[in-house]
Amino acid sequence: MDVNIRSIDDITVVAIEGALDAATAPIAQQQLLPLATAGCRILLDLTGVPYMSSAGLRMLLSTYRQLSGKDGRIVLVGVAEEIQDTMSVTGFINFFTLRATPEEGIAALKG
Amino acid sequence: MEPLTVPGMLPALEEIGRYVMAAAAEAGLDKRASYRLRLAVDEIATNIVVYGYQPSGTEGDIIVSSTIDDHVLKIALEDTGPEFDPRQHAMPDEDELTRPLEDRQMGGLGVYLAFEGVDDFHYERVDGRNRNIFVVNRPSAAPAT
């Protein structure tokens, strides 16, 4: 699992490559959380993530909690259908903005 | 498929996942059923490490095995950690699953996903070992392998 971080204008793009399980999600979380600052705009690109367990949900939850009340925003793109299923049965999906592609995600963050 | 023995540690989850996906392919499961089975096995294997081997300070293996008959694929996880029956684990109810994320406890979510992802689940304690068994129905049209 790799985490690649870059900036596009004022948006921080975090692209994860590889499975997010209990071994890898805490590592991704360590890189993601410091970016969740006041007023931040984060595009979380999960195009390269074929699998995510509840450890990945915990990573999303921690990020969400850190952002709330800070006027920070996060948009998820490229979320595999099966991962959307997991987010759906756990009621996570209603609390996140999902877009199909990075381009659409950037548009959503700029809007 | 031949059983797989891996050390009871988190980095082994990836190899367990590969084994489950290979067994699911052999049983003719579709993409979604295969994924859900992988998720179920991964969540319980995670618990074996995190609630079993790690807190007790013991080291041991996880043995993954599979059997396929005309109707079902069964995956079994065996470990020598302390007795732990996932069915006794508290699970989130409907209220918890619709609650705002700010107020979530997050306890039992993995076990919930595990039970949700398979058609049947068994647990037994035999000869000092935990056996977690996951059962998934095969598509009726799947040819016997």
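The structure displayed is predicted, hence computed values, not measured ones. (Residues numbered from 1 in each chain as written. Chains lettered and ligands numbered in written order. Predicted model: local features only at pLDDT ≥ 70, side-chain atom pairs only at ≥ 80, totals over all residues. Heavy atoms only, no water.)

**Q** Explain the sheet that holds strand β3 (residues 41-48) of chain A to me, using residue names and the numbers behind them.
**A** Residue and element names in this part refer to chain A. The mixed open sheet is built from five strands, whose spatial order is β1-β2-β3-β4-β5. Edge positions in the sheet fall to β1 (2-8) and β5 (97-99), since each of these pairs with one other strand and no more. Direction aside, neighbouring strands of the sheet carry axes that sit 25° apart on average. Sheet analysis places β3 next to strand β4 (residues 73-77), joined by five bridges and oriented parallel. Bridge pairing links D45 to V77 in β4. Sitting on the sheet, helix α1 (residues 25-32) is in contact with β1, β2 (11-17) and β3, with an inclination near 20° to β1. (Pairing = 2+ DSSP bridges. Helix = DSSP H or I, 4+ residues; strand = E, 2+ residues; numbered from the N terminus. Axes fitted to C-alpha atoms, helices over the stretch in contact; angles between N-to-C directions. Contact = heavy atoms within 4.5 Å.)

**Q** Talk me through the packing of α1(A) against helix α2 (residues 54-67) of chain A; I want residue IDs and the actual numbers.
**A** All names here are of chain A. At their nearest, the axes of α1 and α2 sit 9 Å apart, and the two run at 15° to each other. Taken as axis vectors, α1 and α2 run roughly parallel relative to one another. Handedness of the crossing formed by α1 with α2: right-handed. The residues of α2 that touch α1, namely those facing A25, A28, Q29 and L32, are A55, G56, R58, M59, S62 and T63. Partitioned by chemical class, the residues of the contact of α1 with α2 number five nonpolar, four polar and one charged. (Parallel < 35°, antiparallel > 145°, perpendicular 65-115°, else oblique. Left-handed = near helix turned anticlockwise from the far one by under 90°. Nonpolar A, V, L, I, M, F, W, Y, C, P; charged D, E, K, R; others polar.)

**Q** Explain the pairing of β4(A) residue by residue, including any values.
**A** A regular strand carries its side chains on alternate faces of the sheet. Residues and elements named next belong to chain A. The element β4 is extensively covered by neighbouring structure, given that four of its five residues are classed as buried. Crossover β3 to β4 through α2 is right-handed. As judged from the three bridges shared by β4 and β5, these two strands associate in the parallel manner. Bridged to L76 within β5 is L98. (Buried < 20%, exposed > 50% of the residue type's maximum accessible area, 1.4 Å probe, protein only. Right-handed = clockwise from strand over helix to strand, strands pointing away.)

**Q** Run through the interface of chain A and chain B, naming residues and quoting values.
**A** With 25 residues of chain A in contact, the opposing surface of chain B contributes 26 residues. By the criterion of area lost to chain B, the three top residues of chain A are A:Y51, A:E82 and A:V89, representing 27% of everything that side buries. Across the contact surface, chain A and chain B share two salt bridges. One salt bridge in this structure joins B:R32 and A:D85, with 2.7 Å as the shortest N-O distance. Between chain A and chain B we count 10 residue pairs in polar contact (both at pLDDT 80 or more) in total. It is α2(A) that contributes the most residues to the side of chain A that touches chain B, six residues altogether. A breakdown of the residues in the side of chain A that touches chain B according to their chemical character gives 14 nonpolar, six polar and five charged. (Buried area = accessible area lost by both parts, 1.4 Å probe. Salt bridge = Lys/Arg side-chain N within 4 Å of Asp/Glu carboxyl O. Polar contact = N/O pair within 3.5 Å; in protein donor to acceptor, adjacent residues only side chain to side chain.)

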